[in-house]
Amino acid sequence: MAGDRLVTRRVARWMDTRLGSAKFARTALGKVFPDHWSFLIGEIALYSFIVLLLTGVYLTFFFDPSIDEVVYDGSYAPLRGVEMTRAYASSLDISFDVRAGLVMRQIHHWAALLFLAAMVVHLMRVFFTGAFRRPRELNWIIGVTLLILSIFNGFAGYSLLDDQLSGTGLRIAYSITLSIPLAGTWLASLLFGGEFPGPDIINRLYVIHILLLPALIIVLLTAHLGLVVRHKHTQFGGRGRTERNVVGEPVWPRFAFKSIGLLLLTAAVLSALGGLVQINPVWLYGPFEPANVSAASQPDWYMAWLDGALRVFPPWEIRAFGYTIPNPFFPAVLLAGITFMLLYLWPFLEAKFTSDVVEHHLLDRPRNRPVRTSMGAATLAFYVVLSLSASTDVVAVTFGTSVNGVLVSFRIACLVVPPIVALTTYRLCRELQLRDEDAGLAPPERPRIRWELLRIWEWPRRRKQAKLAAARTATVD
């Protein structure tokens, strides 16, 4: 034992003299993390991503991303003798002939769903508690970018298998890409290698899915965690907690062991889901045939809002400057672009409207920021309705009603539900604040919202007045 410790010390000293690792290790292991349960959501996303990487590496050994036609002769009897692409045939082989292939593929799929779900919940926690405020605006931008990349990567992986369901999704993606003004045709040709279905789409999606997007996600995750360490961790208010300290546990040893336990628990839950709960049974869908249309096809949950938006948006087209902007552009490109742009800009917009530019390390209770909370709840409600709209055909068949009637109902819900949710949330927040005041709790200090900033038509006149005032001051001097 003494000899082992001596060797360990020598190795540590050798590393420290070359990398300066001792100082970094002391700083990192002594970092204090708060112990609130909501901070574990981001860790669940991280550990799901690790499971995704491990199972993804296993699946790449057996998946063949080729659209060359073969005759299937594997173990699944109903499709034996059917012509299909090598991509779909290798998916069947992974499911039926590769040892542990099916469980690995299902764990991979469940991990992708949990990864994105944890990211969305983590993003909501950051939003509703104001954890995006100065000095964490950059980390907020990185987080939103991670969400976008993860959605694209999930769709790319889902589409690789070349079954009838994923082919239907690719057909929609092709139409959305074509609808982008000016660059749409070029982008569609770049991605698909020609007109749909295109000879190169599987190969290119494969490179994007296993190499390009995972590398970007790893880089951004590293930057995200680095900024968490660089800035001290946020925490909820409470006894002894101020803007200048963090009350919690140091990374080593208790937090590290808890985190390792959460990693093992996440992996165990995903393994149980992969082994016990069937997901994406591609053998039931059959190989993709462009002439066929799959009925009642439903995307994964993180793409349902896009499918729903395409269904409920009116069939409008615009022709301007010699170009026609097709209908898919508005719900699939413009709506998504506005949503994510507002997410990117939110920390700066809120700081502008509230004149709150100081650093914040204590988190808000959502009730204490009723405007932000109600707007976030309304946006969330809007996208929930859109996601439910992706099931219009299923709802119509299940309840024996008209598809058009269900579609019109969802259109009305998209317009009516968000304002109702916003007003209800605002009133609820105010009532909870009054209850806090009745209980003797001090009302929170709220930044004043500068509503005059909403009158954007006055901005040019104000800028002109400011320039004139500055010019007069310079003349007097």
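So, a few notes on the structure that sits alongside this text. These numbers were taken from a predicted model, which means no experiment stands behind them. (Residues numbered from 1 in each chain as written. Predicted model: local features only at pLDDT ≥ 70, side-chain atom pairs only at ≥ 80, totals over all residues. Heavy atoms only, no water.)

In terms of helices and strands, the protein carries 17 helices and eight strands. Looking at the protein residue by residue over its 477 residues, the buried ones come to 42%. Pairs at least 24 residues apart make up 76% of the contacts formed inside the protein by residues separated by at least 6 positions. Of the roughly 26900 Å² that the protein leaves accessible, carbon and sulfur atoms contribute 68%. Averaged over its 46 positive side-chain charges, the protein has a centre that lies 13 Å from the centre of its 35 negative ones. (Helix = DSSP H or I, 4+ residues; strand = E, 2+ residues; numbered from the N terminus. Buried < 20%, exposed > 50% of the residue type's maximum accessible area, 1.4 Å probe, protein only. Contact = heavy atoms within 4.5 Å. Areas by Shrake-Rupley, 256 points an atom, 1.4 Å probe, with all protein chains shown as cover. Lys, Arg positive; Asp, Glu negative; His and termini not counted. Charge placed at Lys NZ, Arg CZ, Asp CG, Glu CD.)

What follows concerns the nonpolar core. Ranked by internal contacts, the top residues of the largest apolar core, which has 90 residues, are M84, W140 and V144. Counting residues per element, this core draws most heavily on helix α5 (residues 101-129), at 13 residues. Residues within four places of W140 in sequence aside, it is in contact with L123, V126, F127, F132, L343, Y344 and P347. (Core = buried A, V, L, I, M, F, W, Y, C linked by side-chain atoms within 4.5 Å.)

What follows is about the packing of helix α12 (residues 301-312) against helix α13 (residues 329-354). The contact between α12 and α13 brings their axes to 8 Å, and the two run at 125 degrees. One element, α12, and the other, α13, form an angle in the oblique class. Only P331, A332, L335 and A336 of α13 make contact with α12, whose side of the interface consists of W305, L306, A309 and L310. Looking at the contact of α12 with α13 residue by residue, the class counts come to eight nonpolar, no polar and no charged. (Axes fitted to C-alpha atoms, helices over the stretch in contact; angles between N-to-C directions. Parallel < 35°, antiparallel > 145°, perpendicular 65-115°, else oblique. Nonpolar A, V, L, I, M, F, W, Y, C, P; charged D, E, K, R; others polar.)

Okay, the side chain of N327 next. By the secondary structure assignment, N327 is in the loop between β7 (323-325) and α13. A relative accessible area of 15% means that N327 is categorised as buried. Polar contacts involving the side chain of N327 include one to the main-chain carbonyl oxygen of W316, which spans 3.4 Å. If we skip the residues at most four places from it in the chain, N327 touches F313, P314, P315, W316 and E317. (Polar contact = N/O pair within 3.5 Å; in protein donor to acceptor, adjacent residues only side chain to side chain.)

Attention shifts here to unusual backbone geometry. A cis geometry characterises the amide bond from R134 onward to P135, with omega recorded as 10 degrees. With an omega dihedral of 10 degrees, the bond running from F196 to P197 counts as a cis peptide bond. With respect to the secondary-structure elements, P197 resides in the loop between α8 (184-192) and α9 (201-230). In the Ramachandran plot, A100 falls in the positive-phi region, its phi being about 65 degrees despite a non-glycine side chain. Mapped onto the elements, A100 comes out in the loop between α4 (86-96) and α5.

As a further point, take the environment of G376. Inspection of the secondary structure assignment puts G376 in helix α14 (residues 370-389). Its relative accessible area of 10% is what places G376 among the buried residues. Here the alpha-carbon distance between G376 and F127, two residues 249 residues apart in the chain, equals 7.9 Å.

What follows concerns a negative patch on the surface. Judged by side-chain charge, D68, E69, E83 and E289 come together as a negatively charged surface patch. Its location among the elements puts E289 in the loop between α11 (282-285) and α12. Note on E289: relative accessible area 36%, which makes it partly exposed. (Patch = residues over 30% accessible without salt bridge, like charges linked within 9 Å, V, L, I, M, F, W, Y side chains within 5 Å. Salt bridge = Lys/Arg side-chain N within 4 Å of Asp/Glu carboxyl O.)

Turning our attention to helix α16 (residues 403-438). Taking 1.5 Å per residue, 36 residues should reach 52 Å; α16 reaches 50 Å between its end C-alpha atoms and fits that length. The principal kink in α16, of about 35 degrees, is found at A413. Every buried residue of α16 is listed here: V406, L407, F410, A413, C414, P418, A422, T425, C429, Q433 and D436. Tucked inside the fold, the buried residues of α16 contact α12, α14 and α15 (392-399). Among the residues of α16, the N-terminal cap falls to S402, whose side-chain oxygen and the backbone nitrogen of N404 are separated by 3.2 Å. Where α16 ends, the next residue or the one after it, G440, has phi of about 90 degrees, a positive value. (Expected span 1.5 Å × (residues − 1). Bend = angle between axes of the 7 residues up to and from the residue.)

This part takes up the packing of aromatic side chains. Within the structure shown, the criterion is met by 23 aromatic pairs. Arranged with centres 5.3 Å apart and planes meeting at 50 degrees, the rings of F127 and W346 form a pair that is tilted. Taken together, the residues F127 in helix α5 and W346 in helix α13 connect sequence positions 219 residues apart. One aromatic cluster in this structure is built from F127, F128, F132, W140 and W346. (Phe/Tyr/Trp six-rings, centres within 6.5 Å; stacked < 30°, edge-to-face > 60°.)

Here we take up the side chain of R367. Along the chain, R367 falls in the loop between β8 (362-363) and α14. Beyond its immediate stretch of four places on either side in the chain, R367 contacts C429, L432, Q433 and D436.

On to α8, then. Among the residues of α8, G184, A188 and F192 are the ones counted as buried. The buried residues of α8 occupy one face: seen down the axis, they fall within an arc of 40 degrees. Looking at the buried side of α8, the elements it contacts are α7 (164-178) and α9. Within two residues after α8, G193 carries a phi angle of roughly 80 degrees, on the positive side. (Arc of directions from axis to C-beta.)

A contiguous nonpolar surface patch, about 590 Å² in accessible area, is contributed by L334, I338, M341, L342, L345, F348 and L349. Structurally, M341 is set in helix α13.

Tracing the sequence through the fold places F340 in helix α13. Counting along the chain gives 193 residues from F340 to L147, while the straight-line C-alpha distance between them is 9.8 Å. Those residues in contact with F340 that lie beyond four places of it in its chain are V144, L147, I148 and I151.

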